[in-house]
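Listed below are the residues making up each chain.
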Amino acid sequence: MQTLIKNIKQIVGIDRTDRLRLQGREMSQIDTMSDAYLIVEDEKIKTFGPMSELTEQLFDHEYDATGRLLIPSFCDSHTHLVYANSREHEFVDKIRGLSYEEIAKRGGGILNSAKATAATSEEELYDMALQRLDEVVRLGTGAIEIKSGYGLSTESELKLLRVIRRLKESSPVTIKSNFLGAHGIPMEYRGHQEDYVDLVINEMIPRVAGERLADFIDVFCDQGFFTVADTERILEAGIKHGMRPKIHANEMAVSGGVQVGVKYGAISVDHLEQMGDAEIECLKGSDTMPTVLPGCAFFLNLPLSPARKMIDACLPVAMASDYNPGTSPSGNMQLILSMACIRYRLTPEEAFNATTLNTAYAMGVSDRLGSITVGKLANFCLTKPIPSYEYMPYAYGENKIETVFLNGRIR
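Since the model is a prediction, treat every value here as computed from it, not as a measurement. Residue positions within a chain follow its written sequence, with the count starting from 1. Residue-level local features of this predicted model are given only where pLDDT is at least 70; pairs of side-chain atoms are given and counted only at 80 or more, and the full residue set underlies all totals for whole chains, interfaces and linings. The side-chain quantities take in all heavy atoms of the structure and omit both hydrogens and water.

**Examining the environment of Pro316**
Working step 1: For helices the rule is a DSSP run of H or I covering at least 4 residues; for strands it is a run of E covering at least 2, with both sets numbered from the N terminus onward. Summarising the element assignment, Pro316 is placed in the loop between α11 (307-312) and β13 (318-319).
Working step 2: Three exposure classes are used, based on accessible area relative to the maximum for each residue type with a 1.4 Å probe and protein chains only: buried under 20%, partly exposed in between, and exposed over 50%. By relative accessible area, Pro316 is classed as buried at 2%.
Working step 3: Between the C-alpha atom of Pro316 and that of Arg212, which follows or precedes it by 104 residues, the distance is 30 Å.
Working step 4: Contact definition: two residues touch when any of their heavy atoms are within 4.5 Å. Filtering out sequence-adjacent residues up to four positions away, Pro316 remains in contact with Arg21, Leu22, Gln23, Gly24, Met27, Met289, Pro290 and Asn358.

**Let's talk about the pairing of strand β10 (residues 244-249)**
Working step 1: Along β10, 5 of the 6 residues are buried, which leaves the element largely enclosed by surrounding structure.
Working step 2: Paired strands are those between which DSSP finds at least two bridges. Looking at chain direction, strand β9 (residues 216-221) and β10 are connected through 6 bridges and run parallel. Each residue of the ladder has a partner; that of Asp218, found in β10, is Lys246.
Working step 3: Orienting the strands away from the viewer, one traces the path from the first strand over the helix to the second; a clockwise path indicates a right-handed crossover. The parallel pair β9 and β10 is bridged by helix α7 (residues 228-240), and the resulting crossover is right-handed.
Working step 4: Across 3 bridges, β10 lies against strand β11 (residues 268-271) in parallel orientation. Looking at β11, one finds that Ala249 is bridged to His271.
Working step 5: Viewed along the sheet, the connection from β10 through helix α8 (residues 257-263) into β11 turns out right-handed.

**Quick word on the side chain of Ser338**
Working step 1: Within the secondary structure, Ser338 sits in helix α12 (residues 333-342).
Working step 2: Judged by its relative accessible area of 1%, Ser338 falls in the buried class.
Working step 3: Beyond its immediate chain neighbours, meaning those up to four positions away, Ser338 contacts Met392, Pro393 and Tyr396.

**Digging into the environment of Asp93**
Working step 1: Here Asp93 lies in helix α1 (residues 88-95).
Working step 2: Relative accessible area serves as the criterion here: at 17%, Asp93 is assigned to the buried category.
Working step 3: In this structure the C-alpha to C-alpha distance between Asp93 and Ile164, which are 71 residues apart in sequence, comes to 31 Å.

**Topic: the nonpolar core**
Working step 1: Side-chain atoms within 4.5 Å are what join buried Ala, Val, Leu, Ile, Met, Phe, Trp, Tyr and Cys residues into a set we call a nonpolar core. Ranked by internal contacts, the top residues of the largest apolar core, which has 101 residues, are Val82, Leu167, Phe179, Phe226, Ile234 and Met319.
Working step 2: Counting residues per element, this core draws most heavily on helix α6 (residues 193-210), which supplies 8 residues.
Working step 3: When sequence neighbours within four positions are dropped, the list of residues in contact with Leu167 reads Val82, Tyr126, Ala129, Leu130, Leu133, Ile146 and Ile175.
Working step 4: Formed by 17 residues, the second largest nonpolar core is a distinct cluster that contains Ile5, Ile14, Leu38 and Leu382.

If you want it as structure tokens, here you go:
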């Protein structure tokens, strides 16, 4: 089956090089083509070019994109999309002055969501997550990584991961699953968290691997959560069971999470609100993608990750939503694109690359997603009629996406 999109005002995010990620000055470059067409064959991009070179032929479907931009679908490489309850009461607590750590210490935060997850059926969790997934797709997301982590017991973590597997099976969205059993420390393990680490290693990981439920293994390596020693033990066990590491690092403090992530070949280290020169130097020459989560820093009023400094140091940078009920209750990647420019001083070109190709890399799919490239999956969006791609981050309060194509078909 062949589909033609014609009269495209501008194709944005073209890549002809097969690069898997962009770093440093490369991030400021974005290839475009005006007055263009694009042909999809089955699920993949077959070809594209200027309208003046389009030859007359028959297509199964044709779409007129007059006045519209065609952009790669966003790739959101860090979410906690499967959860049972919202946490607006904690939102009010934060307004009244309580810190994230103070809320967590009294049993709120992640533990609040874990309690609700235990009381919610798999079917209910699936229905809620599917609604959220549909919402972010309408906003332009075509690939997403989803973590567990609101279980904190073997059965609840497995329940969350089974929901993610069902989403993979039922949705055209490209989904990667991440086992985050080490997301928080249950109250009953406070003071002897090494016993909980043992539970994650000796019981959870073998069962997750036995059911092939996770692509990645993750740890919240930070002040008040899991230590570097805990993290190393968990990552080693996950790697032995075929899961590639990711890390929650340096949200609350310079925790050593970046260094342990690089040491164990993590595909990404995420958060990075607290970064020093040593962390930036450690990332140089590694295959690990530093991933910034603007929504979390905005919602918690945290210091901003030094994204500009990292790019100027010739590092790659990705930006993801951190969609979750407690610290970033939005999966709107258009908003992340805007925050990248407004708060982190990235150019529109850098911001596009940070939310498409580099986030695709951070979830291990940049060989088939994240850019407009012949042979890649036809995951792209047509905007509403807008003047330029710079308008995308500029108009932060409106949905600029009109039509979403996933695997070559309109969603």
